[in-house]
Amino acid sequence: MEKGSPPPAEVPMHEQEKQGGKCCGGCCDYRRAVIVLCIISLVFSIISIVNPSLSSAYDSQSELEQIIKDHSTNLLIIGIVHILMTVVALVGAVIFNFYMVSFSDIIATVV
């Protein structure tokens, strides 16, 4: 197998040779780090869409309810875009596509 070419699909991920740059002192590569962080990001994004009123930073509950009511559509759109871009980054990391990961990061930064 050449360096830089994706591993065969039948080789399990934990047995694959590290590709690309290595992070954390060489204990893992960026591909695996992106996959783990995308999964964590998806979990938190889904939680934030399902229950946006988890914050207790406001003195009165009516003030928080009014803010959520005023901006619920905007929050939902941002949450859906974030989930879509996280899925794009996850797929890009799984198939080792640098451009998909970069594109999702750029869009997530702009939004």
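Residues numbered from 1 in each chain as written. Predicted model: local features only at pLDDT ≥ 70, side-chain atom pairs only at ≥ 80, totals over all residues. Heavy atoms only, no water.

## Topic: the overall build of the chain
Moving on, step 1. Assigned secondary structure in the chain consists of three helices and two strands.
Moving on, step 2. In the chain, 42% of the contacts between residues at least 6 apart in sequence involve partners at least 24 apart.
Moving on, step 3. Taken as a whole, the chain presents about 8000 Å² of accessible surface, with 66% of it coming from carbon and sulfur. (Helix = DSSP H or I, 4+ residues; strand = E, 2+ residues; numbered from the N terminus. Contact = heavy atoms within 4.5 Å. Areas by Shrake-Rupley, 256 points an atom, 1.4 Å probe, with all protein chains shown as cover.)

## A few points about a nonpolar patch on the surface
Moving on, step 1. Taken together, the side chains of V36, L37, I39, I40, V43, F44 and I47 define a hydrophobic patch exposed on the protein surface, amounting to about 650 Å² of accessible area.
Moving on, step 2. Checked against the element boundaries, F44 lands in helix α1 (residues 30-50).
Moving on, step 3. Classification of F44 as exposed rests on a relative accessible area of 56%. (Patch = residues over 30% accessible without salt bridge, like charges linked within 9 Å, V, L, I, M, F, W, Y side chains within 5 Å. Salt bridge = Lys/Arg side-chain N within 4 Å of Asp/Glu carboxyl O. Buried < 20%, exposed > 50% of the residue type's maximum accessible area, 1.4 Å probe, protein only.)

## Brief notes about the nonpolar core
Moving on, step 1. If you look at the biggest cluster of nonpolar residues, it comprises seven residues: I35, C38, L42, I83, A89, L90 and A93.
Moving on, step 2. For this core, the secondary-structure elements that each account for two or more residues are α1 and α2 (61-94).
Moving on, step 3. The biggest single contributor to this core is α2, with four residues.
Moving on, step 4. Among residues more than four places away in sequence, those in contact with I83 are L42, S45, I46 and I49. (Core = buried A, V, L, I, M, F, W, Y, C linked by side-chain atoms within 4.5 Å.)

## Section: the packing of aromatic side chains
Ring pairs (aromatic) are described by centroid distance and by the angle formed between their planes.
Moving on, step 1. For the structure shown, the criterion picks out one aromatic pair.
Moving on, step 2. Where F98 meets Y99, the ring centres are 5.6 Å apart and the plane angle is 75 degrees; that geometry is what we call edge-to-face. (Phe/Tyr/Trp six-rings, centres within 6.5 Å; stacked < 30°, edge-to-face > 60°.)

## So, the confidence of the model for the chain
Moving on, step 1. For the chain, mean pLDDT is 77; residues scoring 70 or higher make up 68% of the total.
Moving on, step 2. When pLDDT is averaged over each element of the chain, α1 comes out on top at 87 and strand β1 (residues 22-23) at the bottom at 62. (pLDDT = per-residue confidence, 0-100.)

## Some thoughts on helix α3 (residues 98-110)
Moving on, step 1. Under the 1.5 Å per step criterion, the end-to-end length of α3 is 19 Å for 13 residues, consistent within 8% with the ideal 18 Å.
Moving on, step 2. The N-cap of α3, judged by a side-chain oxygen 3.0 Å from the amide nitrogen of Y99 a few residues on, is N97. (Expected span 1.5 Å × (residues − 1). Polar contact = N/O pair within 3.5 Å; in protein donor to acceptor, adjacent residues only side chain to side chain.)

## Considering the side chain of S45
Moving on, step 1. Within the secondary structure, S45 sits in helix α1.
Moving on, step 2. Among residues more than four places away in sequence, those in contact with S45 are H82 and I83.

## Topic: α1
Because each turn of an α-helix spans 3.6 residues, side chains separated by three or four positions in sequence point in the same direction.
Moving on, step 1. Along its 21 residues, α1 runs 30 Å from first to last C-alpha, staying within 8% of the 30 Å computed at 1.5 Å per residue.
Moving on, step 2. All of the buried residues in α1 are R31, I35, C38, L42 and S45. Buried residues of α1, seen end-on, are gathered within an arc of 95 degrees and therefore sit on one face of the element. Opposite the buried face of α1, by more than 90 degrees, sit the exposed residues L37 and F44. (Arc of directions from axis to C-beta.)

## Brief notes about the environment of I39
Moving on, step 1. Positionally, I39 belongs in helix α1.
Moving on, step 2. Counting along the chain gives 47 residues from I39 to T86, while the straight-line C-alpha distance between them is 8.3 Å.

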